[in-house]
Amino acid sequence: MDRRALISALALVGAAAPASASRSMSASPSTSPWSRDTKSAVRLVRGGFDQEVHRAGVEITLDPGTKTYWRTPGDSGVPPAFDWSGSDNVADVALDWPAPLRFPDGNGFSIGYKTSVIFPLRVRPRDPSRPVRLALKLDYAVCDQICIPAKATATLALVKGPADPAVAAALAGFVARVPKTHAEGLALALDGVDRSGDHPVLLLRALVDADAAVDLFVEGPESRWVLPLPEPTGSVGTERRFRLVMDGAPRGTDPLGHELTFTLVSGARALEARLTPR
């Protein structure tokens, strides 16, 4: 589905439709009840409090064969939109994005998640002595052969007490998948710029973990940039090479000289690197 059409459809979706009854409706004090849609379910989870910030997360489970999207969705789809305006005693909610996957999608690729994902949260209360009531309204999309707009609502009290160990461990697993700005053994560098074609082509060199599944994603400095996915061009040992055609800058904008954000995925680890090609 064309991204613009999907955004329009999201705006028209009404109340969430019931999903399969196979998922449990029970919720511990460390989780909210599941908010169900036709092919997915969403809940809030909590992972503990360090006297300043609550660790929490937004968990999405997906039916087999479906996917949902990263903050930059690729050639189709829309990213999830999180609304915390109904929360109580919340000064700030910082959301992290675990490293995504790329999926063939018709004539292009989309970027996102399969099976399940937890988006880690750091929730800062206005008054740390009082509990937080975290309230989520979520617009997202779930796709197999076609994309289905989805909505979810969830609320969860974030308290000082310890979280369920299994819930906290699941959350910690996705925290570990959030790209780091520094990761031992991972690196990304710009090897040069080929200016011989219609668009500049960036030549990139990555250092990764041995025998790891590797991918590379790129984002422009703001949402009007729609860059293609970097293309792998070769590998030797722990070195991987990519090329990126700089087609997708806003009209009238020189594609060089702007900071780009790269996400390098190496197995279960990921690095976020910011490079400015010139």
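Definitions and limits used
Residues numbered from 1 in each chain as written. Predicted model: local features only at pLDDT ≥ 70, side-chain atom pairs only at ≥ 80, totals over all residues. Heavy atoms only, no water. Helix = DSSP H or I, 4+ residues; strand = E, 2+ residues; numbered from the N terminus. Buried < 20%, exposed > 50% of the residue type's maximum accessible area, 1.4 Å probe, protein only. Areas by Shrake-Rupley, 256 points an atom, 1.4 Å probe, with all protein chains shown as cover. Pairing = 2+ DSSP bridges. Contact = heavy atoms within 4.5 Å. Axes fitted to C-alpha atoms, helices over the stretch in contact; angles between N-to-C directions. Core = buried A, V, L, I, M, F, W, Y, C linked by side-chain atoms within 4.5 Å. Phe/Tyr/Trp six-rings, centres within 6.5 Å; stacked < 30°, edge-to-face > 60°. Lys NZ or Arg CZ within 6 Å of the ring centre and 35° of its normal. Arc of directions from axis to C-beta. Polar contact = N/O pair within 3.5 Å; in protein donor to acceptor, adjacent residues only side chain to side chain.

Asks: Would you explain the overall build of the chain in this entry?
Replies: Summing up its helical and strand segments, the chain has two helices and 18 strands in all. Residue burial in the chain is summarised as follows: out of 278 residues, 46% are buried. For the chain, the accessible area works out to roughly 13,700 Å², and carbon and sulfur atoms hold 52% of it.

Asks: For this particular structure, what's the right way to read the sheet that holds strand E6 (residues 90-95)?
Replies: Strand-to-strand pairing in sheets goes through backbone hydrogen bonds, with the strands running parallel or antiparallel. Ordered by their spatial adjacency, five strands build an open sheet running E1-E2-E3-E9-E6, and the pairing between neighbours is antiparallel. The outermost strands of the open sheet, each flanked by one partner alone, are strand E1 (35-36) and E6. Where strand E3 (residues 54-62) lies against strand E9 (residues 116-125), eight bridges are found, and the strand directions are antiparallel. Each residue of the ladder has a partner; that of His-54, found in E9, is Val-123. The strands touched by helix H2 (residues 165-175) are strand E2 (40-49), E3 and E9; relative to E9, the strand with the most contacts, the crossing angle is about 100 degrees.

Asks: Looking at this structure, I do not really get the nonpolar core. What am I missing?
Replies: Soluble globular proteins: nonpolar side chains tend toward being buried together. Ranked by size, the top nonpolar core spans 38 residues in total, and within it Val-58, Val-123 and Leu-134 carry the most contacts. Sorting elements by how many residues they give to this core places strand E10 (residues 132-143) first, with six residues. Setting aside residues no more than four positions away along its own chain, Leu-134 makes contact with Leu-44, Trp-84, Ser-87, Val-90, Val-93, Leu-121, Val-123, Ala-154, Thr-155, Leu-156 and Leu-158. By size, the runner-up hydrophobic cluster in this structure holds 22 residues, among which are Leu-188, Leu-256, Leu-271 and Ala-273.

Asks: I tried to follow the sheet that holds strand E17 (residues 260-266) on my own but got confused; where do I start?
Replies: Across the sheet, three strands lie side by side as E14-E17-E18; this open sheet has antiparallel pairing. Either end of the sheet is taken by a strand with one partner, and the two such strands are strand E14 (214-219) and strand E18 (269-275). Looking at each pair of strands side by side, their axes are set apart by 20 degrees on average, direction ignored. Two strands pair when backbone bridges link them, and E17 and E18 are joined in this way by seven bridges, in the antiparallel orientation.

Asks: Please clarify how unusual backbone geometry should be interpreted in this entry.
Replies: Note: most residues except glycine have negative phi, and most peptide bonds are trans. Backbone geometry places Thr-115, a non-glycine residue, at a positive phi of 70 degrees. Inspection of the secondary structure puts Thr-115 in the loop between strand E8 (108-114) and E9. The class for Thr-115 is exposed, based on a relative accessible area of 57%. At Asp-211, a residue that is not glycine, the phi angle is positive and equals roughly 65 degrees. Its location among the elements puts Asp-211 in the loop between strand E13 (201-207) and E14.

Asks: Would you mind going over the packing of aromatic side chains with me for this structure?
Replies: Here a ring pair, both rings aromatic, is described through the centre-centre distance and the interplanar angle of the planes. Under the counting rule described, the total for this entry stands at six aromatic pairs. Measuring from ring centre to ring centre gives 5.5 Å for Phe-82 and Phe-119, while their planes differ by 70 degrees; the resulting arrangement is edge-to-face. Taken together, the residues span a long stretch of sequence, with Phe-82 in strand E5 (residues 81-83) and Phe-119 in strand E9 at a distance of 37 residues. For Phe-82, a relative accessible area of 21% corresponds to the partly exposed category. The buried category is assigned to Phe-119, whose relative accessible area is 0%. When the ring of Tyr-113 is compared with that of Phe-119, the centres are 5.5 Å apart and the planes differ by 90 degrees; the resulting orientation is edge-to-face. Across the pair, Phe-119 and Tyr-113 agree in class, each one buried. Members of the aromatic cluster, each reached through a chain of ring pairs, are Phe-82, Trp-84, Trp-97, Tyr-113 and Phe-119. Sitting over the ring of Phe-109, Arg-102 keeps its end group 5.4 Å from the ring centre.

Asks: Honestly, H2 in this entry has me stumped. Any pointers?
Replies: For an α-helix the count is 3.6 residues per turn, leaving residues at separations of three or four pointing the same way. For H2, the complete set of buried residues consists of Val-167, Leu-171 and Phe-174. End-on view of H2: buried residues confined to an arc of 60 degrees, all on one side of the axis. Among the exposed residues of H2, those pointing more than 90 degrees away from its buried face are Pro-165 and Ala-166. Among the structural elements, E2, E3 and E9 are those in contact with the buried residues of H2. For H2, the N-terminal capping position is held by Asp-164, with its side-chain oxygen 2.9 Å away from the main-chain nitrogen of Ala-166.

Asks: Any chance you could explain the environment of Ala-163 here in plain terms?
Replies: The topology assignment puts Ala-163 in the loop between strand E11 (147-158) and H2. As for Ala-163 and Thr-31, which are separated by 132 residues in sequence, their C-alpha atoms are 9.1 Å apart. When neighbours within four sequence positions are excluded, Ala-163 is seen to be in contact with Ser-30, Arg-46, Gly-47, Gly-48 and Ala-168.

Asks: Please clarify how the pairing of E10 should be interpreted in this entry.
Replies: Look at any regular strand and the pattern is simple: side chains alternate between the two faces of the sheet. Counting buried positions along E10 yields nine of twelve residues, so the element is predominantly enclosed. Bridging between E5 and E10 involves three bridges; their strand directions are antiparallel. The residue of E10 that forms the bridge with Asp-83 is Lys-137. Between the end of E10 and the start of E11, which pair antiparallel, lie three residues.

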